[in-house]
Amino acid sequence: MKLFLKVVVALVLFGGGIYLGKVFFGRSKNIPAPVPSYFNGDGASASDSAAMGAGTVTGKIFEIKPGHSIQAAVGQANPGDLIRIYPGVYHETVYIDKDNISLQGVIENGEWPILDGEKKMNDAILYSGNGTLIENIKITNYKGNGIMGQAGNNYVIRNNWIVDTGVYGIFPQFGKNGLVERNILTGIEDAAIYIGMCDNVDVRFNEVYGNVAGIEIENSRHALVEYNYTHNNTGGILAFLTPGLPIKTCFDVIIRNNYVLNNNTKNFGAVGSTVSHIPKGTGVLIMAADDVTIENNIIMGNENSGITITDYTNAGVNHANDPESEPNADRITLLDNFMDKNGSDPIDEIKLLMKMKLSKKGLDIIAVGGGEGSCILNPDRYVTFGVDKYLTCKASDTHAVKTYLLAKPVAPRQTTVAEKGKMTYYGVCSGCHAYNTRLVGPPVVMVQAVYKSNPKGIVDFITNPVHKREDYPEMPPQNYLSPETRQAVAEYMLSITK
Amino acid sequence: MKRILIMLLLGIGVILTCGIFLKPQKMTGLKLCSTCPPGFELTDSNQCKLRSLYQLYESGKGNEPGVGGLRTALPEVRDGFTPQQIDLGRYLFFDPVLSGNQTVSCASCHQPDKGFSDGLKTSVGISHKPLKRAAPSLWNVAFLKKFFWDARAKTLEEQMTGPLYSADEMGTTREQLLKTLNGIGLYRDLFSQAFPDKKSDDIVLNEVYLAIAAFESSLISLNSRYDQYAHGYHEALTKNEIEGLNVFRSFVARCAECHTPPLFTNQQVAVIGLAEPDRSFDSGAARVFHDSTLRGAFKVPSLRNAALTAPYSHSGRFEKLEDMISFYTKGRGHEVPATEELHIHWHIWEPGLSSHEISLLSDFIKTLSDESFKPQVPEILPSGIRLKNKLSTRLVSSVSNIK
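Model, not experiment: these values are computed from the prediction. (Residues numbered from 1 in each chain as written. Chains lettered and ligands numbered in written order. Predicted model: local features only at pLDDT ≥ 70, side-chain atom pairs only at ≥ 80, totals over all residues. Heavy atoms only, no water.)

Asks: Would you mind showing me how to read the overall build of chain B here?
Replies: The number of helices and strands found in chain B is 13 helices and six strands. Across the 403 residues of chain B, 61% fall into the buried class. At a minimum sequence separation of 6, the contacts of chain B that also span at least 24 residues come to 66%. Summed over its atoms, the accessible surface of chain B is roughly 16700 Å², and 54% of this surface lies on carbon and sulfur atoms. (Helix = DSSP H or I, 4+ residues; strand = E, 2+ residues; numbered from the N terminus. Buried < 20%, exposed > 50% of the residue type's maximum accessible area, 1.4 Å probe, protein only. Contact = heavy atoms within 4.5 Å. Areas by Shrake-Rupley, 256 points an atom, 1.4 Å probe, with all protein chains shown as cover.)

Written out as structure tokens, the structure is:
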């Protein structure tokens, strides 16, 4: 045990050291640091996420000191801006509904900026924009989530320290192309790192301990979980297909090179939550997910079992079924792993299995329920149940996969000006204006007659309408549309012929 | 053609709008609309295609459409009907002639002025008996993949055979419906306008279904103040309302996990554990899918225009939004009768929402109202039946002068 700890500490220090060195040393703290050079691509390999699209600072830099509001800065910020947060305590919920905003904590003399929800606030950071970067922040005492993304792509969440933030620590949901690395999380009553309904994500170099679930990949596709240190949770690393969610698949998950040690903490999950059903002592748990590869992990001292693979029915989870989600764990690939001292104090059902197997030694690997196409290398190295039907794997390693991040960031949600004009005309204006009939406002043919080749005139009018026609109601201002959109819709309106 | 039209417009000073009687006295010569309803572009092949600002996000092929977040593309939409089909559907939707005794139309229970619901706990049809469930709003049904509270229909066409032929709702039969419509000359004419390639002279059922589905699919509501916020105009919501949004999407309340933007439904069924105080337990989706784990599961309703559709829930139990919202914070399974063993959804927990947060949530839900594309109620029906109380006030003036 001690030995492994040492190894891990060395590893974490090594990894973190390079990083911290780049960011913080050799730079006077008065010079605003843009986001690390790490992102600019010099010397970065593909797995270094050079192409994430997050953290590329092209705009203003806001400096936030205690007593000031981070949200106020977010409110003023434009895409490409960096918000630097200085050490001190901040009590707020920060929400980022804009693209390409970076939040960067500044750590001075070991002092971190701290977001403290005082157990009164719901979530610490919510983001829906693309290209969000969140780093170097200590987050604690929230009731909901530490950091939650909703449909933000190209996200980077790293170097954060998250302690007791309620349900989830770091939870990107519905995001494509994301990196979650070098965070430390503890005291979370569901999953510390929860990748929910995402695609293309790397989760690396994190330490998660003292949570109900360490790292959970749920209904996500193309996830790489590597070099993490997961210990003393109820369950270490999970890959789930949960029924009843709008995304109906979970596949292509690689769990490799992680430490999964002594995940024997009593389950303190909320009643009814999926993870509340996880037996303490669970190392790795695969439920109904497909195409999962488990390779080169060190999985030891997990009292229930090292690796559990189950279909939905045998998982003991009490959710309603979903006719659209396939309940079996198919094509699970168990490559070489270092496993020992697992299964020493399992749940009663497993004790029963052991009796059936006449085994006194705890189980390293248990596979129960339906599923096909799974394989294992060197099964004799472990104490197993249920893998007899597994074939011998043809593959021996996953070296070919360096990262699941995309080579290029997901394209921004942008459209040509012409399309913008059209969508706005039909999507908004057509409620009051038709081409040649009178609705609430005058027909487009009349507008065209007045503003022939004068889109600017239309822009001015819709920005600040004046009451012109006795027989029509006054038009409400459309200044909520961006200037660019107003111009586009004006041009479009002048161009239509039906 | 365009020239002629404009000359007609400017020269004669009169415009013809959709669906007006050329000779109202004789009720002949009704002409169906040749332009699309608001929100749709008329294509060269005479189809109405939806256009929405949310389609601007389709290019960022990152996320599955329709599953949450602010700038997310919409789920696949049912569109592409012709203007004539949509307009014909509008007449049928409002016409009580479709019912067994010519007193009940779709619009009796789906009233435009009540968010296309009816303001009742549970609806009342031809039999004057209260039905088992409440009428859902029809706004944005064009995006739905499952219909009814228990998700028992997969298409709008399949759905409408329910009310049409139910003895308690519209109480007609296939035979009677066809006989009635085929007996009305004006409808025969309108159907041949809407289906120019039709094979038989007679009206057939699939044409009736398709036209009504076309009209229902034109009920688009995506221009609320919330939408302005989502598209980037953050001043559209007040501070309170933004706080409400943050509670709504927070992981304490978790509303956005099931009522996911942009439609404010994830289109799944879920067991939230509502009881039926005055009647026997409604098994919900369990019966439809023959799966006891779905006992008490209902489709997550969209919350768009919910401010207009009180009372709430499948049984209309809650008068006010706040009442419905309070349900979520009174404890997981607090209503479940002792005799029931329900598989309550994992997002139903004990969020401990304060009364302040409950009112913030209600404030936020009210920002989802938008009726800017509300269709007009026909002034006169092809059946000659007079609409007792004109349902809508927002009307296109049928003949108006242009100066």
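Asks: Please explain the sheet that holds strand β3 (residues 88–90) of chain A as it appears in this structure.
Replies: Sheets are built from strands that pair by backbone hydrogen bonding, the pairs being arranged parallel or antiparallel. Residues and elements named next belong to chain A. Judged by pairing direction, the sheet is parallel, and its 10 strands sit side by side in the order β3-β6-β9-β12-β15-β18-β21-β24-β27-β30 without closing on themselves. Here the strands that pair on one side only, and so sit at the sheet edges, are β3 and β30 (338–340). Each adjacent strand pair in this sheet contributes to an overall mean axis angle of 10°, direction not counted. Two elements, strand β15 (residues 184–186) and strand β18 (residues 207–209), share three bridges in a ladder whose sense is parallel. Bridge assignment links Thr186 to a residue of β18, and that residue is Tyr209. (Pairing = 2+ DSSP bridges. Axes fitted to C-alpha atoms, helices over the stretch in contact; angles between N-to-C directions.)

Asks: What is the right way to look at the interface of chain B and chain A in this model?
Replies: Many descriptions give the size of an interface as the accessible area lost when the pieces come together. Every contact between the two is made by 67 residues of chain B and, on the other side, 74 residues of chain A. In terms of surface lost to chain A, no three residues of chain B exceed Leu56, Phe251 and Trp346 of chain B, which account for 12% of the buried area on that side. Applying the counting rule to chain B against chain A returns four salt bridges. In this structure, Lys498 of chain A and Asp44 of chain B form a salt bridge, with 2.8 Å as the shortest nitrogen-oxygen distance. Counting the contacts that link chain B with chain A gives 16 residue pairs in polar contact (both at pLDDT 80 or more). Put simply, the parts of the chain that give the side of chain B that touches chain A at least two residues each are α1 (2–12), β3 (40–42), α8 (225–230) and α9 (239–249) of chain B. A per-class count over the side of chain B that touches chain A returns 27 nonpolar, 24 polar and 16 charged. (Buried area = accessible area lost by both parts, 1.4 Å probe. Salt bridge = Lys/Arg side-chain N within 4 Å of Asp/Glu carboxyl O. Polar contact = N/O pair within 3.5 Å; in protein donor to acceptor, adjacent residues only side chain to side chain. Nonpolar A, V, L, I, M, F, W, Y, C, P; charged D, E, K, R; others polar.)

Asks: Even after reading the chapter, I still don't get α9 of chain B, so can you show me in this structure?
Replies: The α-helix advances 3.6 residues per turn, and as a result positions three or four apart in sequence lie on the same side. Of all 11 residues in α9 of chain B, eight are buried, a share of seventy percent or more. Taken as a whole, α9 of chain B has its buried residues at Glu241, Ile242, Gly244, Leu245, Asn246, Val247, Phe248 and Arg249 of chain B. Where α9 of chain B is buried, its residues contact β4 (94–96), β7 (125–127) and β10 (145–150) of chain A together with α8, α10 (255–258) and α13 (355–366) of chain B.

Asks: Looking at this model, I keep getting lost on helix α5 (residues 174–182) of chain B. Mind explaining?
Replies: Within α5 of chain B the residues assigned to the buried category are Leu177, Thr180, Leu181 and Asn182 of chain B. In the core, the buried residues of α5 of chain B are packed alongside α2 (83–94), α4 (156–165), α6 (185–194) and α7 (205–216) of chain B.

Asks: For this particular structure, what's the right way to read the pattern of salt bridges?
Replies: Oppositely charged side chains may form a pair once their charged atoms are brought near each other. Going through the model one piece at a time under the given rule, you end up with 39 salt bridges over all chains. In this structure, the salt-bridge partner of Lys341 of chain A is Asp340 of chain A, at a minimum N-O distance of 3.5 Å. Note on Lys341 of chain A: relative accessible area 57%, which makes it exposed. Note on Asp340 of chain A: relative accessible area 26%, which makes it partly exposed. Its salt-bridge partner being Lys49 of chain B, residue Asp79 of chain B comes within 3.4 Å of it at the nearest N-O pair.

Asks: Before we go on, may I ask you to explain the confidence of the model for chain B in this structure?
Replies: For any part of a model where pLDDT is low, the fine detail of the predicted coordinates should not be relied upon. Residue and element names in this part refer to chain B. Summing up the model confidence of chain B, the mean pLDDT is 89 and the portion of residues at 70 or higher is 88%. Contacts for the low-pLDDT stretch residues 1–16, under 50 throughout, to residues beyond four places or in other chains number 27 contacts. When the criterion is pLDDT under 50, residues 390–403 qualifies, and its contacts beyond four places in sequence or with other chains add up to 42 contacts. Both scores are available for the predicted complex, with the pTM at 0.88 and the ipTM at 0.82. (pLDDT = per-residue confidence, 0-100.)

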